[in-house]
Amino acid sequence: YKGNVSAQIKYSEANKDTNWKMPDLWYKIPATEKMDPLTTTFKIDIITIDTDILIASHSKDQSSKPEDIYLKISNQYAWIRDQLENARKNKVDYLIVMGHHPVFSAGGHGNTKELVKFLLPLFEEYGVQMYICGHDHQLQTIAHNYTSSDYQISDSSGNSSSNSSFSTMYFIVSGMGGKFDFLLQNEEKLPENTELIFKYRKQNKNKNTAGFGQVIV
């Protein structure tokens, strides 16, 4: 709210009956744990992260001291790994992560180098199926192909064996709620194993174009 993230968190605490839910800077959406196990045949985890912190940025109400910023980066990455590890232990069928900045984008902001370097390897390690973001004011679907390995202890001596498999992770850019931009200046900067498979390019004559992403569980 006007550069004050803490105000959004406090609003959630003071108005628990509203649709605005933001309990912290990063959090797991709790509603997925309340699905009826008798009528639901799958498990899903939806994890939201604060990518402003992960790229060493901060809002007006947060400390700008480098040591505080990097402590938050370290704490958040530790929390992300814990959430992904719990999802693996619980044998979650669908693992979705959401943040503001894109890992990959063909739009004006392009790929986020900090997230490609540090966040993407975590996603690949734990088999995240989808990452949803905004930042670029477009609608994009990007498919990222990679080889995943599942390491398991095979004998009493501690020797391990690895089973590799080909996997696809999807990156959804959904930032057209308030304004739009149809330029794809950075499509050629996507890695060779990463492809833009959907882009919304239609523009109405009155320029009142908008678009949204929706996850139906």
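Residues numbered from 1 in each chain as written. Predicted model: local features only at pLDDT ≥ 70, side-chain atom pairs only at ≥ 80, totals over all residues. Heavy atoms only, no water.

**Some thoughts on a nonpolar patch on the surface**
Stage number 1. On the surface, a cluster of nonpolar side chains totalling about 270 Å² of accessible area is made up of Tyr170, Ile197 and Phe198.
Stage number 2. Among the secondary structure elements, Phe198 is positioned in strand 7 (residues 194–199). (Patch = residues over 30% accessible without salt bridge, like charges linked within 9 Å, V, L, I, M, F, W, Y side chains within 5 Å. Areas by Shrake-Rupley, 256 points an atom, 1.4 Å probe, with all protein chains shown as cover. Salt bridge = Lys/Arg side-chain N within 4 Å of Asp/Glu carboxyl O. Helix = DSSP H or I, 4+ residues; strand = E, 2+ residues; numbered from the N terminus.)

**Re helix 1 (residues 5–14)**
Stage number 1. Looking only at helix 1, the buried set comprises Val5, Ile9 and Ser12. The buried residues of helix 1 occupy an angular sector of 55° when projected down its axis, which confines them to one face. Exposed residues lying more than 90 degrees from the buried face of helix 1 are Lys10 and Ala14.
Stage number 2. Measuring from the side-chain oxygen of the N-cap residue of helix 1 to the backbone nitrogen of Ser6 gives 3.1 Å; that N-cap residue is Asn4. (Buried < 20%, exposed > 50% of the residue type's maximum accessible area, 1.4 Å probe, protein only. Arc of directions from axis to C-beta. Polar contact = N/O pair within 3.5 Å; in protein donor to acceptor, adjacent residues only side chain to side chain.)

**Side note on helix 3 (residues 66–89)**
Stage number 1. Under the 1.5 Å per step criterion, the end-to-end length of helix 3 is 35 Å for 24 residues, consistent within 8% with the ideal 34 Å.
Stage number 2. Every buried residue of helix 3 is listed here: Ile69, Ile73, Gln76, Tyr77, Trp79, Ile80, Gln83, Leu84 and Ala87.
Stage number 3. At its buried positions, helix 3 is contacted by strand 1 (27–28), strand 2 (44–48), helix 2 (51–54), strand 3 (94–98) and helix 4 (113–126).
Stage number 4. Where helix 3 terminates, the next one or two residues include Lys91, which has phi positive at roughly 55°. (Expected span 1.5 Å × (residues − 1). Contact = heavy atoms within 4.5 Å.)

**So, the nonpolar core**
Stage number 1. Ile49, Ile80, Val103, Phe123, Tyr131 and Phe171 are the most contacted members of the largest nonpolar core, which totals 40 residues.
Stage number 2. Sorting the residues of this core by element identifies helix 1, helix 2, helix 3, strand 3, helix 4, strand 4 (130–133), strand 5 (139–153) and strand 6 (160–174) as the ones contributing at least two each.
Stage number 3. In terms of residues, this core owes the most to one element, helix 3, which gives seven residues.
Stage number 4. Not counting residues within four places of it along the chain, the set of residues in contact with Phe123 comprises Val97, Val103, Val128, Tyr131, Tyr146, Met169 and Phe171.
Stage number 5. Counting five residues, the second-largest nonpolar core is a separate cluster that includes Ile44, Ile96, Ile132 and Ile172. (Core = buried A, V, L, I, M, F, W, Y, C linked by side-chain atoms within 4.5 Å.)

**Some thoughts on the pattern of salt bridges**
Stage number 1. Throughout the structure, instances matching the rule amount to two salt bridges.
Stage number 2. Notably, a salt bridge pairs Lys28 with Asp45, separated by 3.2 Å at the nearest N-O pair. Taken together, the positions of Lys28 in strand 1 and Asp45 in strand 2 put the pair 17 residues apart, joining distant regions of the chain.
Stage number 3. The class for Asp45 is buried, based on a relative accessible area of 7%.
Stage number 4. Arg81 serves as the salt-bridge partner of Glu125, at 3.2 Å between the closest nitrogen and oxygen. Here Glu125, found in helix 4, pairs with Arg81, found in helix 3; they are 44 residues apart in sequence, far enough to count as distant.
Stage number 5. Residue Glu125 is classed as partly exposed on the basis of its relative accessible area, which comes to 36%.

**A closer look at the packing of helix 3 against helix 4**
Stage number 1. Between helix 3 and helix 4, the shortest axis-to-axis distance is 10 Å and the interhelical angle comes to 20°. In terms of their interaxial angle, helix 3 and helix 4 are classed as roughly parallel. The two elements helix 3 and helix 4 meet at a crossing, and its hand is right-handed. Residues Tyr77, Ile80, Arg81, Leu84, Glu85 and Arg88 of helix 3 touch helix 4, and the partners they reach there are Glu114, Leu115, Phe118, Leu119, Leu122, Glu125 and Tyr126.
Stage number 2. Classifying every residue of the contact of helix 3 with helix 4 gives eight nonpolar, no polar and five charged. (Axes fitted to C-alpha atoms, helices over the stretch in contact; angles between N-to-C directions. Parallel < 35°, antiparallel > 145°, perpendicular 65-115°, else oblique. Left-handed = near helix turned anticlockwise from the far one by under 90°. Nonpolar A, V, L, I, M, F, W, Y, C, P; charged D, E, K, R; others polar.)

**Thoughts on the packing of aromatic side chains**
Stage number 1. Using the criterion set out here, one finds six aromatic pairs in the structure.
Stage number 2. With 5.6 Å between their ring centres and 45° between their planes, Phe123 and Tyr131 make a pair best called tilted.
Stage number 3. With a relative accessible area of 1%, Tyr131 lands in the buried category.
Stage number 4. In this structure an aromatic cluster arises from ring pairing among Phe104, Phe123, Tyr131 and Phe171. (Phe/Tyr/Trp six-rings, centres within 6.5 Å; stacked < 30°, edge-to-face > 60°.)

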